Every structure is written in C-alpha cells, then in structure tokens.
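Results of the structural survey
In case you want the letters, here they are:
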Amino acid sequence: MFLKRVKLLREGNNLSHTYPYSIPAIKQLDELELTNPVTFFVGENGSGKSTLMEAIADICGFNTAGGGRNNTYDLEASEAALSDHIRLSWLPKVTNGFFLRAESFYHFASHIDDIGSIQAYGGRSLHHQSHGEAFLSLFQNRFGGKAIYLLDEPEAALSPQRQLTFLRIIHDLEKSGEVQFIIATHSPILLGYPEAEIFHFSEDGIRSIDYEETEHYQITRGFLENREGYLKHLFQ
Ligand SMILES: Nc1ncnc2c1ncn2[C@@H]1O[C@H](COP(=O)(O)OP(=O)(O)OP(=O)(O)O)[C@@H](O)[C@H]1O
Ligand SMILES: [Mg+2]
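Below is a short write-up of the structure.

Reading guide: rules and limits
- Residues numbered from 1 in each chain as written.
- Chains lettered and ligands numbered in written order.
- Predicted model: local features only at pLDDT ≥ 70, side-chain atom pairs only at ≥ 80, totals over all residues.
- Heavy atoms only, no water.
- Core = buried A, V, L, I, M, F, W, Y, C linked by side-chain atoms within 4.5 Å.
- Buried < 20%, exposed > 50% of the residue type's maximum accessible area, 1.4 Å probe, protein only.
- Helix = DSSP H or I, 4+ residues; strand = E, 2+ residues; numbered from the N terminus.
- Contact = heavy atoms within 4.5 Å.
- Pairing = 2+ DSSP bridges.
- Axes fitted to C-alpha atoms, helices over the stretch in contact; angles between N-to-C directions.
- Near = heavy atom within 4 Å.
- Polar contact = N/O pair within 3.5 Å; in protein donor to acceptor, adjacent residues only side chain to side chain.
- Areas by Shrake-Rupley, 256 points an atom, 1.4 Å probe, with all protein chains shown as cover.
- Nonpolar A, V, L, I, M, F, W, Y, C, P; charged D, E, K, R; others polar.
- Parallel < 35°, antiparallel > 145°, perpendicular 65-115°, else oblique.

**A word on the nonpolar core**
Formed by 32 residues in total, the largest nonpolar core has its most connected members in F41, L52, I56 and L150. Put simply, the parts of the chain that give this core at least two residues each are β1 (3–8), α1 (24–27), α2 (49–60), β4 (86–90), β6 (147–152), β7 (179–184) and β8 (197–202). It is α2 that provides the largest number of residues to this core, a total of 6 residues. If we ignore the near neighbours within four places in the chain, the residues touching L52 are V6, I26, L29, L32, F41, L82, I86, F201 and I206. V42, F143, A157 and L173 belong to the second largest nonpolar core, which has 29 residues in total.

Shown next as structure tokens:
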C-alpha cells in the first residue's frame, strides 16, 4: 500500500463556518493514518466522505469528476474544496490509479467512447453495457499494476451477486500487494471485506470502527432478521 497518511493543515481554516469546514468530520480532522490496503469511509449522508475523497483524488491528479490521470475530459470537474489544505504522505508515491464516482460514470463512459479506447474496456462501448456490466467491465479491465483506487459508492450499480464478484476482484488485486483501495460505501456487503479498516464519519469526527459496529451491518441485520417487527415499528 502507498498512501500512508492524510493530514489536514491548520491555517485558521478550522475556524471557518463555511463548507467544507462546516462539516463536523472535516472540522475535527487532524490526520488519518492508513494502515490497510483496503480502507472504507462510512457515515450518514452528508457526513463528508465524498468531500474528503474528492480532495484526495484532486491531489493525486485524478479528474475529480471521476477518472484517472489521462482522463482530463471536460466535465464540470467538481470542486475539490479541501485539496489546498490537505497533505498526503506516500511510501512509495504512486501516480497510477483511478477515481470513480457512481454519479458521473455516464459522462466517463461517453469520454471513453470519444477517445476510442473501448478495447481497454472489454471491446464494447460502456454505453452498450448495462450500468452494472459497465462498472464491472471497468473494474476488470482497468484495474491492475501499482495503483491507488478511490471509489465513491461503487455499489450503486451492482446487484448483490455482482457486489460479491467485486469483492473477489478486490481480493485478487490485493493479493498482488500492489494496490490500495479507498472506498466510500453504504453497502453492508462491500463493508464485509475481511481485515479492512473502516473509518466512520460522524458529528464526533472520524474514527476507526469494527464491521459489526456499523449501522449498515446492524440495521441490515435487524431488518432481515425481523422484517415485520421493523416495519411495524417504522409505520406506527
Ligand atoms: N460544493 C458544496 N458547497 C456547499 N456544501 C456542500 C458542497 N458539497 C457538499 N456540501 C455539503 O457538505 C456535506 C458533506 O457532503 P458530502 O458529499 O461529502 O457527503 P457524503 O458523506 O459523501 O454523503 P453521501 O453518503 O450522501 O454521499 C453535505 O452537507 C453537503 O450538502
Ligand atoms: Mg458521497
């Protein structure tokens, strides 16, 4: 693994009440130590996961609308508001990799068609594949080598079965010892990846938690074990 530390530089920014320092998890961030090749970001909607991930992607030189170093397509690259104030520590530094945002995948697929690199994605235009097929095609054809992959809710396109396939892809790549993943997710399946570190973003900051501590695990489990009870309570 390559990216060891994410540090937020304090230059009075923490006093600001404007985005992104208005987000509690960002406001309280000092530094995150990454000790595992697979790191997850979890937390409520709006807790700051994408904000931090976009900043990391921006510093890596990846297009913050989603893509790698060579994907400088002209989409409104989303503003990586934090990146001027974050320092990344690498050992060693890698420049290869990818930033994936589920929301802008469609634009990315158009770009791939435009530049004619369909061969790199399984020989079929990503637009001629279903959302989930296109995602997996990307994972299967584009991932590999020394690289860091930043993925924002990759599960959005994937059926439960394909999420398992995706876990297998992560596993196979991790075995090579040459890849690092940082994945923001709401999927209790993806979060179940063994030995991964899970950073929970909340009002109290960012802290490492166990799989079983995540609401994703607890709520999904509770719901599946007692669906009638859950719904009765919810609707009363
Ligand atoms: N450009 C922006 N300007 C102002 N506020 C923003 C901007 N982008 C995001 N926010 C706010 O910052 C907060 C964190 O957003 P962010 O997208 O990082 O959340 P998230 O943890 O990724 O959530 P989700 O799980 O829904 O994807 C939210 O309250 C959001 O409304
Ligand atoms: Mg997000």
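**Describing the sheet that holds β4**
Read from one edge of the open sheet, 3 strands run β2-β1-β4, paired in antiparallel fashion. Both outer strands of the open sheet, β2 (31–33) and β4, are each paired with one neighbouring strand and no more. Each adjacent strand pair in this sheet contributes to an overall mean axis angle of 15 degrees, direction not counted. α2 rests against β1, β2 and β4 of the sheet, and its axis sits at about 65 degrees to β4.

**Things to note about the site of ligand 1**
Close to ligand 1 lie Y19, I23, E44, N45, G46, S47, G48, K49, S50, T51, E153 and H186. Contacts to ligand 1 include G48, whose backbone N or O atom sits 2.9 Å from an oxygen atom. At 2.8 Å from an oxygen atom of ligand 1 is found a side-chain nitrogen or oxygen belonging to H186. Computed on the free molecule, ligand 1 has an accessible area of 640 Å², of which 58% lies beneath the protein chains in the complex. The residue inventory of the shell around ligand 1, partitioned by class, reads 2 nonpolar, 7 polar and 3 charged.

**Things to note about the packing of helix α6 (residues 215–225) against helix α7 (residues 227–235)**
The packing of two helices is summarised by the inter-axis angle and the distance between the axes. Here α6 crosses α7 at 105 degrees, and the two axes come no closer than 5 Å. The orientation of α6 with respect to α7, classified from their angle, is roughly perpendicular. Of α7, the residues touching α6 (which contributes Q218, I219, G222, F223, L224 and E225) are R227, Y230 and L231. For the contact of α6 with α7, the residue count by class is 5 nonpolar, 2 polar and 2 charged.

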